[in-house]
Amino acid sequence: MCVEVDKLDELYDMLDVPQFSELILSRRNKKTVYKTKHGLMESESLKSTEDISLAETHIQKGTELEFHTHKNSYEIVVLLSGRLELNYWDGKSSVLNKHDYAVIEKNNPHSAIAREDSVFIALTVPNDSGFPT
(Lines give C-alpha, C1' and ligand atoms only; values in the text may rest on other atoms or scores of the structure.)
Protein backbone atom coordinates (compact mmCIF):
# COMPACT_ATOMS: atom_id res chain seq x y z
CA MET A 1 0.00 0.00 0.00
CA CYS A 2 2.85 2.39 0.59
CA VAL A 3 5.07 1.41 -2.25
CA GLU A 4 7.30 4.28 -3.26
CA VAL A 5 6.62 5.02 -6.91
CA ASP A 6 10.26 4.76 -7.98
CA LYS A 7 10.50 1.28 -6.45
CA LEU A 8 7.37 -0.22 -8.04
CA ASP A 9 9.04 -1.59 -11.15
CA GLU A 10 11.84 -3.15 -9.09
CA LEU A 11 9.29 -4.67 -6.70
CA TYR A 12 7.23 -6.19 -9.50
CA ASP A 13 10.37 -7.62 -11.12
CA MET A 14 11.23 -9.40 -7.85
CA LEU A 15 7.78 -10.97 -7.40
CA ASP A 16 7.44 -14.57 -8.44
CA VAL A 17 3.75 -14.90 -7.56
CA PRO A 18 1.73 -14.60 -10.81
CA GLN A 19 -1.39 -13.10 -9.27
CA PHE A 20 0.61 -10.09 -8.08
CA SER A 21 2.24 -9.37 -11.42
CA GLU A 22 -0.88 -7.57 -12.61
CA LEU A 23 -1.07 -4.26 -14.35
CA ILE A 24 -0.43 -1.04 -12.51
CA LEU A 25 -3.02 1.20 -14.13
CA SER A 26 -1.51 4.53 -13.17
CA ARG A 27 0.95 6.26 -10.88
CA ARG A 28 0.46 9.88 -9.83
CA ASN A 29 2.48 11.51 -7.09
CA LYS A 30 1.84 9.33 -4.04
CA LYS A 31 -1.23 7.56 -5.51
CA THR A 32 -1.12 4.21 -7.22
CA VAL A 33 -4.00 2.41 -8.89
CA TYR A 34 -3.72 -1.38 -8.93
CA LYS A 35 -5.65 -3.89 -10.98
CA THR A 36 -5.64 -7.01 -8.84
CA LYS A 37 -6.74 -10.47 -9.88
CA HIS A 38 -10.33 -9.53 -8.97
CA GLY A 39 -10.92 -5.78 -9.03
CA LEU A 40 -9.35 -2.39 -8.47
CA MET A 41 -7.84 -0.49 -5.60
CA GLU A 42 -6.25 2.94 -5.31
CA SER A 43 -3.74 3.59 -2.59
CA GLU A 44 -2.25 6.88 -1.43
CA SER A 45 0.87 7.07 0.70
CA LEU A 46 0.21 9.47 3.56
CA LYS A 47 3.52 9.01 5.35
CA SER A 48 6.54 6.90 4.63
CA THR A 49 9.68 6.89 6.75
CA GLU A 50 12.02 4.15 7.85
CA ASP A 51 9.97 3.69 11.02
CA ILE A 52 6.40 3.86 9.74
CA SER A 53 4.25 3.55 6.66
CA LEU A 54 0.75 5.00 6.52
CA ALA A 55 -1.56 4.71 3.51
CA GLU A 56 -5.20 5.29 2.66
CA THR A 57 -6.68 2.74 0.27
CA HIS A 58 -9.94 2.80 -1.67
CA ILE A 59 -11.01 -0.66 -2.77
CA GLN A 60 -13.96 -1.62 -4.98
CA LYS A 61 -16.59 -4.11 -3.90
CA GLY A 62 -15.53 -7.61 -4.90
CA THR A 63 -11.83 -6.80 -5.12
CA GLU A 64 -9.63 -9.55 -3.69
CA LEU A 65 -6.14 -8.99 -2.36
CA GLU A 66 -4.23 -12.25 -2.55
CA PHE A 67 -2.33 -13.72 0.39
CA HIS A 68 0.73 -11.69 1.26
CA THR A 69 2.90 -10.94 4.28
CA HIS A 70 4.75 -8.04 5.82
CA LYS A 71 7.87 -9.93 6.80
CA ASN A 72 9.25 -7.65 9.47
CA SER A 73 6.31 -5.38 10.22
CA TYR A 74 3.12 -5.30 12.17
CA GLU A 75 0.13 -4.02 10.19
CA ILE A 76 -2.85 -2.22 11.63
CA VAL A 77 -5.89 -1.84 9.37
CA VAL A 78 -8.61 0.65 10.31
CA LEU A 79 -11.77 0.55 8.20
CA LEU A 80 -13.17 4.03 7.57
CA SER A 81 -16.12 2.92 5.44
CA GLY A 82 -17.54 -0.20 3.81
CA ARG A 83 -17.00 -3.81 4.80
CA LEU A 84 -13.76 -5.77 4.49
CA GLU A 85 -13.16 -9.46 5.12
CA LEU A 86 -9.69 -10.45 6.31
CA ASN A 87 -8.57 -14.05 5.92
CA TYR A 88 -5.52 -15.65 7.46
CA TRP A 89 -3.40 -18.57 6.29
CA ASP A 90 -4.42 -20.62 9.35
CA GLY A 91 -8.08 -20.51 8.21
CA LYS A 92 -9.24 -17.81 10.62
CA SER A 93 -11.11 -14.80 9.29
CA SER A 94 -12.73 -11.60 10.49
CA VAL A 95 -15.06 -9.04 8.97
CA LEU A 96 -14.35 -5.37 9.56
CA ASN A 97 -17.18 -2.85 9.51
CA LYS A 98 -16.91 0.94 9.72
CA HIS A 99 -14.45 1.97 12.48
CA ASP A 100 -13.35 -1.62 13.20
CA TYR A 101 -9.65 -2.41 13.18
CA ALA A 102 -7.36 -5.41 12.97
CA VAL A 103 -3.78 -5.92 14.12
CA ILE A 104 -1.84 -8.32 11.92
CA GLU A 105 1.29 -9.85 13.39
CA LYS A 106 4.66 -9.86 11.61
CA ASN A 107 5.00 -12.44 8.84
CA ASN A 108 1.34 -13.55 9.16
CA PRO A 109 0.00 -14.37 5.67
CA HIS A 110 -3.33 -12.64 5.08
CA SER A 111 -5.69 -11.71 2.28
CA ALA A 112 -8.72 -9.45 1.97
CA ILE A 113 -12.00 -9.24 0.10
CA ALA A 114 -14.00 -6.01 -0.16
CA ARG A 115 -17.59 -6.97 0.60
CA GLU A 116 -18.62 -3.36 -0.15
CA ASP A 117 -16.79 -0.39 -1.65
CA SER A 118 -14.40 0.34 1.21
CA VAL A 119 -11.82 2.80 2.46
CA PHE A 120 -9.18 1.81 4.99
CA ILE A 121 -6.04 3.13 6.57
CA ALA A 122 -3.11 0.72 6.81
CA LEU A 123 -0.21 1.36 9.14
CA THR A 124 2.92 -0.79 9.08
CA VAL A 125 5.58 -0.55 11.76
CA PRO A 126 8.41 -0.50 10.91
CA ASN A 127 7.88 0.64 7.32
CA ASP A 128 7.05 -2.14 4.87
CA SER A 129 6.50 -1.92 1.15
CA GLY A 130 3.01 -3.33 1.71
CA PHE A 131 0.79 -4.80 -0.94
CA PRO A 132 1.66 -6.65 -3.06
CA THR A 133 4.60 -8.11 -1.18
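Residues numbered from 1 in each chain as written. Predicted model: local features only at pLDDT ≥ 70, side-chain atom pairs only at ≥ 80, totals over all residues. Heavy atoms only, no water.

Some points on the pattern of salt bridges
What counts, and what does not: The salt bridge definition used is simple: a Lys or Arg side-chain nitrogen within 4 Å of an Asp or Glu carboxyl oxygen. Only DSSP runs of H or I with at least four residues qualify as helices, and only runs of E with at least two residues qualify as strands; both kinds are numbered from the N terminus onward. Here's how the labels work: a residue is buried when its accessible area is under 20% of the maximum for its type, exposed when over 50%, partly exposed in between, all with a 1.4 Å probe on protein chains only.
Applying the stated criterion across every chain, the model contains two salt bridges. Between E85 and R115 there is a salt bridge, with the nearest N and O atoms lying 2.7 Å from each other. One end of the pair, E85, is in strand β7 (residues 83–88); the other, R115, is in the loop between β10 (110–114) and β11 (118–125), with 30 residues separating them in the sequence. Here E85 falls in the buried class, since its relative accessible area comes to 15%.

Focus on the packing of aromatic side chains
Rule in force here: Pairing of aromatic side chains here covers Phe, Tyr and the six-membered ring of Trp, requires ring centres within 6.5 Å, and sorts the geometry by plane angle: under 30 degrees stacked, over 60 edge-to-face, intermediate tilted.
Considering all chains together, one arrives at one aromatic pair under this definition. On the basis of an interplanar angle of 90° and a centroid distance of 4.9 Å, the ring pair of F67 and W89 is categorised as edge-to-face. Here the residue F67 occupies a position in strand β5 (residues 64–68), and W89 occupies one in the loop between β7 and β8 (93–97), the gap between them amounting to 22 residues. Given a relative accessible area of 31%, F67 falls into the partly exposed group.

Topic: the nonpolar core
The condition that has to hold: Remark: nonpolar core denotes a set of buried residues (Ala, Val, Leu, Ile, Met, Phe, Trp, Tyr, Cys) joined through side-chain atoms within 4.5 Å. In what follows, a contact means two residues having at least one pair of non-hydrogen atoms within 4.5 Å.
By size, the foremost hydrophobic cluster in this structure holds 16 residues, and its most contacted members are I59, V77, L84, L86, L96 and F120. Listing elements by their share of this core, those giving two or more residues are β6 (74–81), β7, β9 (101–104), β10 and β11. Of all the elements, β7 adds the most residues to this core, at three residues. When sequence neighbours within four positions are dropped, the list of residues in contact with L96 reads V77, L79, G82, R83, L84, L86, Y101 and A102.

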